[in-house]
Amino acid sequence: MKDRFGKINNGSAAVLLAIGAFAAGFTGYVLLDRANHSGKRAGADYRYPIEELAKIDPAKILYRQVGTAIETGMESAAAIEADWAGNFYVAGDRAVAVFSGDGSKRRDIPLVSEPTAIGVGEDGLIYAGLSDRIEVYSSDGQQVSAWAPIHTALLTAIAAGKTDVFAADALHKIVRRFDKQGNPLGLIGAKDPDRNIEGIVVPSPYFDLLIAPDGLLRVVNPGRHRIEAYTFDGYLEWHWGRPSVGLEGFSGCCNPIALAALPKGGYVTCEKGLVRVKVYDEEGNLVGVVAGPDQLGWQEPLRVCEKPEDCISRGLDAAVDGQGRIYVLDQSKNVVRIFEKK
Amino acid sequence: MSDQNVPLSRRQILRDGLWTASLTACGAAGAALAALSRRDSYVWQINPHKCIGCDRCATHCVLSESAVKCVHAYSMCGYCDLCTGYFDPDPKSLDTGAENQLCPTGAIRRRFIEEPYFEFTIDEKLCIGCAKCVVGCSAFGNGSLFLQIRHDRCLNCNECAIARVCPSQAFVRVPSRQPYLMKDQI
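Cut-off values and rules
- Starting from 1, residues in each chain are numbered consecutively following that chain's sequence as written.
- A letter from A marks each chain and a number from 1 marks each ligand, given out in the order of writing.
- Under the rules for a predicted model, residues below a pLDDT of 70 receive no local features and side-chain atom pairs below 80 are neither given nor counted, while totals for whole chains, interfaces and linings still include all residues.
- Put simply, DSSP H or I for four residues or longer makes a helix, DSSP E for two residues or longer makes a strand, and each gets a number counted from the N terminus.
- For every residue, the other C-beta atoms within 10 Å of its own C-beta are counted; 20 or more classify it as buried, 12 or fewer as exposed, and values in between as partly exposed. C-beta atoms are placed from the backbone.
- Throughout, a residue-residue contact means that the two C-beta atoms, derived from backbone geometry, are no farther apart than 7 Å.
- Confidence scores per residue from the predictor, reported as pLDDT, run from 0 to 100.
- In this entry, domain limits derive from an automatic or database-based domain assignment.
- Under the convention adopted here, Pro, Cys and the residues Ala, Val, Leu, Ile, Met, Phe, Trp and Tyr are nonpolar, Asp, Glu, Lys and Arg are charged, and Gly plus all remaining residues are polar.
- Two strands qualify as a pair provided that DSSP identifies no fewer than 2 bridges between them.
- Only the stretch in contact is used when fitting a helix axis, every axis being a line fitted to C-alpha atoms; angles between N-to-C directions are given from 0 to 180 degrees.
- Core membership is restricted to buried Ala, Val, Leu, Ile, Met, Phe, Trp, Tyr and Cys residues, and these are joined into a nonpolar core through C-beta atoms within 7 Å.

Structural notes on the overall build of chain B
Here comes step 1: When you go through chain B residue by residue, the secondary structure sums to four helices and six strands.
Here comes step 2: Listed N to C, the secondary structure of chain B is α-β-α-β-β-β-α-β-α-β in terms of helices and strands.
Here comes step 3: Along the three orthogonal principal directions, the C-alpha set of chain B runs to about 95 × 40 × 30 Å.
Here comes step 4: Within chain B, the fraction of its 186 residues that count as buried is 39%.
Here comes step 5: Considering only contacts in chain B between residues 6 or more positions apart, those separated by 24 or more positions represent 73%.

Now the structure itself:
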């Protein structure tokens, strides 16, 4: 270390300095980082690949958004419906808000309690579902009738035909059939082996239906990931749909959550979780995507919630007008996005 | 023998009585103090509404097997056949085959209840708290699976190593008399 004249050798000093620096660095890392481990994460096998699943090939997106998202002005928008003239109706906050196609609000129809469903007939009558009962309003907002409450029900969708009105009851997992005066005519979709009906499974309160142009009901069976076609008398004719995170299928535990019919045939479906709005043909073959997570401003499934109610996952609802424009209600942001074909 | 026959004076009775009362009061005060100190102690817990399922609970606990485990709020569960907390995102079939399961340690048990409902339970010995199932359940299902610190394992470190790195500040101190934050109750 020292040369024969007692002086410190430069090379030795440099080595000593380097060793000292290394020791200081190592000690510092061990002491400081041991309690932090900021870079230490579990491997890919321990993470849910949800970001990968959310990616959609842009070539498969066949629609584009018209303008910006329309604010409903509501705190809790529940359902949307559109008429053939291009008006759309949003139910929420103890009211039905009627909008014209350009997004300007025409009127509010006040309700006595929170709406859970809405349907608009070809005759212009508005059917508001209030959990366990239906109230009927004219297009100018006058109450036409208030039907007798159903003993415990959660009506999540209403479809009004020429002579019948159908309501999806998520609580009992059945479709309720009424005449135009509100008299009950029957139940559809209950488990019935004699009719080869497996039953409707509704794990979360999303249960939609519509009357298709072919005169049959289309009922979403979210727990079985399919759309079922029923006659008005309750006979199951056929069904389509399968579970898959792939675009062709319906993702998650219980999808689709909403259904709407296109004027030239085919259906629009909405999925929650991995939010996707897609179009299928009448046989149930995927036609394309209306909007995916990117177009719908999707957020991570898990997020920091200051209040428990902020964490309640809310979904989408869809409606289609006579021109084939698709109205998508985002229930978490309380906005409506309008999509039309590219 | 003769001492036993000596009658107690009123003064002695009074003195003994006071001693007994004093000792009882001391004992009660000690118990109250112990109860008070127990009531005021705090333990670590995860606020399930702030948790983002980042997987750091599995890797940052000072214990080699994390004190954080998945728990199940059955009242929130949909008892789905296709449980997204149990199954891989695209399972080959809806059965208990290992290739279909999401949990990397196989810590979730699936039991048939009645068509089409299944019950899912956590095998805590196998759970490492990675939150993979929590993300799957919350993304697609009702969010009934969530993480909690199990106090039979937690060392209650003054400076919790997981709390230091938790990106959502989900780790909170809670009174030891209410040591769990059950998702279906808060």
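From this point, the narrative continues.
Observations regarding the overall build of chain A
Here comes step 1: What chain A contains, in helices and strands, is two helices and 24 strands.
Here comes step 2: The proportion of buried residues among the 342 residues of chain A is 40%.
Here comes step 3: Restricting to contacts in chain A with at least 6 residues of sequence separation, those with at least 24 account for 45%.

Examining the confidence of the model for chain B
Here comes step 1: Per-residue pLDDT for chain B has a mean of 90; in total, 94% of the residues score no lower than 70.
Here comes step 2: Per the prediction output, this complex has pTM 0.81; the corresponding ipTM is 0.74.

Some thoughts on helix α3 (residues 132-140) of chain B
Here comes step 1: The element α3 of chain B is largely enclosed, with a buried count of nine among its nine residues.
Here comes step 2: Looking only at α3 of chain B, the buried set comprises Lys132, Cys133, Val134, Val135, Gly136, Cys137, Ser138, Ala139 and Phe140 of chain B.
Here comes step 3: Buried residues belonging to α3 of chain B abut α2 (50-53) of chain A together with β2 (68-72), β3 (108-114) and β5 (145-149) of chain B.

Things to note about the domain arrangement of chain A
Here comes step 1: Looking at chain A, the domain boundaries give domain 1 (10-40) and domain 2 (51-341).
Here comes step 2: On a C-alpha basis, the centroid separation for the pair domain 1 of chain A and domain 2 of chain A is 62 Å.

So, the interface of chain A and chain B
Here comes step 1: Taken together, the contacts link 36 residues of chain A with 34 residues of chain B.
Here comes step 2: Grouping the constituent residues of the side of chain A that touches chain B by class yields 20 nonpolar, 11 polar and five charged.

A look at the pairing of β5 of chain B
Residues and elements named next belong to chain B.
Here comes step 1: Where burial is concerned, most of β5 is hidden: five out of the five residues are buried.
Here comes step 2: Where β2 meets β5, five bridges bridge the pair, whose relative direction is antiparallel. In the sheet register, Val71 faces β5, and the bridge partner there is Phe146.

Re the domain arrangement of chain B
A common way to report how large an interface is uses the accessible area buried once the components associate.
Here comes step 1: Looking at chain B, the domain boundaries give domain 1 (3-39) and domain 2 (42-175).
Here comes step 2: For domain 1 of chain B and domain 2 of chain B, the distance between their C-alpha centroids amounts to 52 Å.

Thoughts on the sheet that holds strand β2 (residues 77-82) of chain A
Residue and element names in this part refer to chain A.
Here comes step 1: Spatial strand order, β2-β3-β4-β5: four strands in an open sheet with antiparallel pairing. Edge positions in the sheet fall to β2 and β5 (105-110), since each has one partner strand and no second. Between one strand axis and the next, the sheet turns through 20° on average, direction left out of account.

Points about the environment of Cys70 of chain B
Residues and elements named next belong to chain B.
Here comes step 1: Its location among the elements puts Cys70 in strand β2.
Here comes step 2: Separated by 56 residues in the primary sequence, Cys70 and Leu126 have C-alpha atoms spaced 10 Å apart.
Here comes step 3: When neighbours within four sequence positions are excluded, Cys70 is seen to be in contact with Ile122, Cys127, Gly129, Cys133, Val134, Leu145 and Leu147.

Remarks on the pairing of strand β17 (residues 236-240) of chain A
All names here are of chain A.
Here comes step 1: Pairing geometry for strand β16 (residues 226-230) and β17, over four bridges, is antiparallel. Of the residues in β17, the one forming a bridge with Ala229 is Trp238.
Here comes step 2: Between β16 and the antiparallel strand that follows it, β17, lie five residues; Gly234 among them carries a positive phi value of about 95°.

With respect to the sheet that holds strand β21 (residues 286-291) of chain A
Within a sheet, adjacent strands bond to each other through the backbone by hydrogen bonds, running parallel or antiparallel.
Residue and element names in this part refer to chain A.
Here comes step 1: Taken in spatial order, the four strands make up an open sheet running β18-β19-β20-β21, and their pairing is antiparallel. Either end of the sheet is taken by a strand with one partner, and the two such strands are β18 (258-261) and β21. Direction aside, neighbouring strands of the sheet carry axes that sit 25° apart on average.
Here comes step 2: Where β18 and strand β19 (residues 267-271) come together, four bridges link them in antiparallel fashion. Opposite Leu259, over in β19, you have Thr269 as the bridge partner.

What about the nonpolar core?
Here comes step 1: Membership of the largest hydrophobic core comes to 131 residues, with the highest contact counts inside it found for Ile158, Ala318 and Tyr327 of chain A.
Here comes step 2: Here the element with the most residues in this core is α3 of chain B; it accounts for six residues.

As for the confidence of the model for chain A
As a general rule, the predicted coordinates of low-pLDDT regions are not to be interpreted in detail.
Here comes step 1: With 89% of its residues at a pLDDT of 70 or more, chain A has an overall mean of 90.
Here comes step 2: Segment residues 33-37 of chain A: pLDDT under 50, and seven contacts once partners within four positions in sequence are set aside and those in other chains are kept.

Observations regarding unusual backbone geometry
When glycine is set aside, most residues are seen to have a negative phi, and most peptide bonds are trans.
Here comes step 1: Note that the residue after Asn255 of chain A, namely Pro256 of chain A, is joined by a cis bond; omega there is 0°.
Here comes step 2: Position of Pro256 of chain A among the secondary structure elements: in the loop between β17 and β18.
Here comes step 3: Residue Pro116 of chain B is reached from Glu115 of chain B by a cis peptide bond, and omega for that bond is 0°.
Here comes step 4: Locating Pro116 of chain B in the fold gives a position in the loop between β3 and β4 (117-122).

A look at the environment of Ala58 of chain B
Here comes step 1: Within the secondary structure, Ala58 of chain B is located in helix α2 (residues 56-60).
Here comes step 2: Distance in space between the C-alpha atoms of Ala58 of chain B and Ala139 of chain B is 20 Å, their sequence separation being 81 residues.

Observations concerning the environment of Tyr235 of chain A
All names here are of chain A.
Here comes step 1: Along the chain, Tyr235 falls in the loop between β16 and β17.
Here comes step 2: Taking C-alpha positions, Tyr235 is 15 Å from Asp214, a pair spaced 21 residues apart along the chain.
Here comes step 3: In this structure, Tyr235 is in contact with Arg195 and Tyr230, ignoring residues within four places of it in sequence.

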